[in-house]
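Architecture and fold: a report
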Amino acid sequence: MMVTRKAIPRRTVLRGIGATLALPLLDGMVPAFAAIRNSAARPVRRFGVVYVPNGMAMKHWTPAAEGAAFETTRLLKQIEPYRDQMSVLTGLNGVASNAGVHASAATRFLTGVTPARTESNLRAGVSVDQLIAREFAKDTQLASLEIALDSRDVSGSCDVGFSCTYTNTIAWRNETTPLLGENNPRAVFEQLFGDAGSTDPAARLARIRKDRSILDSVSEKVDTLQRELGPNDRLRVTEYLDAVRDIERRIQKAEEQSDRELPEVDQPAGIPATYAEHARLMFDLMLLAYQTDLTRVSTYMMAREISGRTYPEIGVPDSHHPTSHHRDDPTLYEKIAKINEFHLSLFAYFLEKARATPDGDGNLLDNMMLLYGAGMSDSNRHDNKGLPLVLVGGGSGQLKPGGRHLRYREKTPATNLHLTILDKMGVPVDKMSDSTGKLNLLSVA
């Protein structure tokens, strides 16, 4: 049999003046002969982490029943539509710390290591995401993507004796190299798709005023490419470019609004006026990074540890961190629960977008393994035991079946989950910190 269909290279990009856009996975990128043997491209594995600070309202998080029959709790109801791809993990402990409880919460979340007490010579451990990134980087332009919603300028709002860096990141390339998240959507967009050759905000703003969209300089190439694609691929490219253009428009609008409406605030250009808009825009950028296969690994901090952010839009004008020390006061506890619900509702936004994005034989959520959780459980006690953790996604077939609440034996280290994630991502290691072995994600028997 003769095969004549020409395949489009997987790393195909659209290049124009100051713009380079990677394309989403298309049917036409499957090698011709392989496409005959397999109806769709073999899906790639993707890993992501979404971190929330200052603990959790655990009474509203932890299901009472175990196994598949558990009743969704108040907080988990926010992501209940994805129950069939959700595993709630209870009873996993982070390594104990006697000082720097918030620095430790963030640092140990993915490393299993407590930070060294220092304000200059940082020391922790390599994080799970970076172990995966080392392996996946050979196939992507970016080894990993680090996103945050809080500014890094947090002098004075850190654990005494510990660098503020510890509370500002969960990602560590190695023992001494933290990877701080970027909170400016414009900077993330440029990291993914190119920049104007300058990090100066004034230069970027000038480019925006001159060029209405980065897609203008590649429109002719898009038209040429579209004529070479099949109907399904043409639709995917159109939808993808629409998504890119929409994000570009929203970033530009945010920059215009921040410049006009908040002149007294020293705020980086590109950050929307509200927390929810900011969070959704960053989730959209994270989705585009996965969709275009620019990276397969990301971390996303909904806020930093010791965050004093307020949430008046949900009826919580109080500072998050002081409120998290609720002292079992019903009023304060309710406010913490509302903040937790709000964060989960924004995570649900990302899950829905991922589920609606085609990928291989399924969708992006099918081919993701997403870890959502916090580095401490009861924030009032700075508790390192029974961390609130949930895995969502199909993991390219590695997380079937979902819809389970798994309660592990007392004193099971959270690093056992790290080993399990690494194994399912195809990057097995023998031990991390205090780990004792991999978890069974189907049963705790």
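For the structure, check the block above.
Because the structure is a prediction, the values reported are computed rather than measured. (Residues numbered from 1 in each chain as written. Predicted model: local features only at pLDDT ≥ 70, side-chain atom pairs only at ≥ 80, totals over all residues. Heavy atoms only, no water.)

**Details of the packing of aromatic side chains**
Overall, the coordinates contain nine aromatic pairs when judged by the stated rule. A ring pair is formed by Tyr311 and Phe342, whose centres lie 5.9 Å apart and whose planes are at 85°; its orientation type is edge-to-face. Within this pair, whereas Tyr311 is found in the loop between β8 (297–301) and α10 (320–324), its partner Phe342 is found in helix α11 (residues 330–355), the two being separated by 31 residues in sequence. Here the aromatic residues Phe162, Tyr166 and Trp172 are joined through ring pairs into a cluster of three or more. Sitting above the plane of the Phe70 ring, Arg83 keeps its charged end 3.9 Å from the centroid. (Phe/Tyr/Trp six-rings, centres within 6.5 Å; stacked < 30°, edge-to-face > 60°. Helix = DSSP H or I, 4+ residues; strand = E, 2+ residues; numbered from the N terminus. Lys NZ or Arg CZ within 6 Å of the ring centre and 35° of its normal.)

**Quick notes on unusual backbone geometry**
You will see that Asp293, though not glycine, has its phi angle at about 60°, which is positive. Note that Asp293 resides in the loop between α9 (275–291) and β8. The phi dihedral of Ile306 falls on the positive side, at around 65°, and the residue is not glycine.

**Examining the sheet that holds strand β4 (residues 86–93)**
The strands making up a sheet associate through hydrogen bonds between their backbones, and the pairing can be parallel or antiparallel. Taken together, the seven strands give an open sheet; going across it, the order is β5-β8-β3-β11-β12-β4-β13, and neighbouring strands pair in mixed fashion. Two strands close off the open sheet at either side, each with one partner strand: β5 (145–148) and β13 (404–413). Adjacent strand axes in the sheet meet at a mean angle of 15° when their direction is disregarded. Examined bridge by bridge, strand β11 (residues 368–373) and strand β12 (residues 389–392) share four bridges and lie antiparallel to one another. (Pairing = 2+ DSSP bridges. Axes fitted to C-alpha atoms, helices over the stretch in contact; angles between N-to-C directions.)

**Some words on the side chain of Asp378**
Of note, Asp378 is situated in the loop between β11 and β12. For Asp378, a relative accessible area of 14% corresponds to the buried category. In terms of polar contacts, Asp378 uses its side chain to reach the backbone amide nitrogen of Asn380, at 2.9 Å. With residues up to four places along the chain from it excluded, the contact list for Asp378 reads Met56, Met58, His326 and Asp383. (Buried < 20%, exposed > 50% of the residue type's maximum accessible area, 1.4 Å probe, protein only. Polar contact = N/O pair within 3.5 Å; in protein donor to acceptor, adjacent residues only side chain to side chain. Contact = heavy atoms within 4.5 Å.)

**Thoughts on helix α12 (residues 415–424)**
For α12, the buried fraction is high: nine of the ten residues fall into the buried class. Taken as a whole, α12 has its buried residues at Thr415, Asn416, Leu417, His418, Leu419, Thr420, Ile421, Leu422 and Lys424. Within two residues after α12, Gly426 carries a phi angle of roughly 80°, on the positive side.

**Regarding the pattern of salt bridges**
The final tally for this structure, using the stated rule, is 14 salt bridges. Between Arg74 and Glu334 there is a salt bridge; the shortest N-O distance is 2.8 Å. Here Arg74 is found in the loop between β3 (46–51) and β4, whereas its partner Glu334 is found in helix α11, with 260 residues between them in sequence. Between Asp378 and Arg381 there is a salt bridge whose closest N-O contact spans 2.1 Å. (Salt bridge = Lys/Arg side-chain N within 4 Å of Asp/Glu carboxyl O.)

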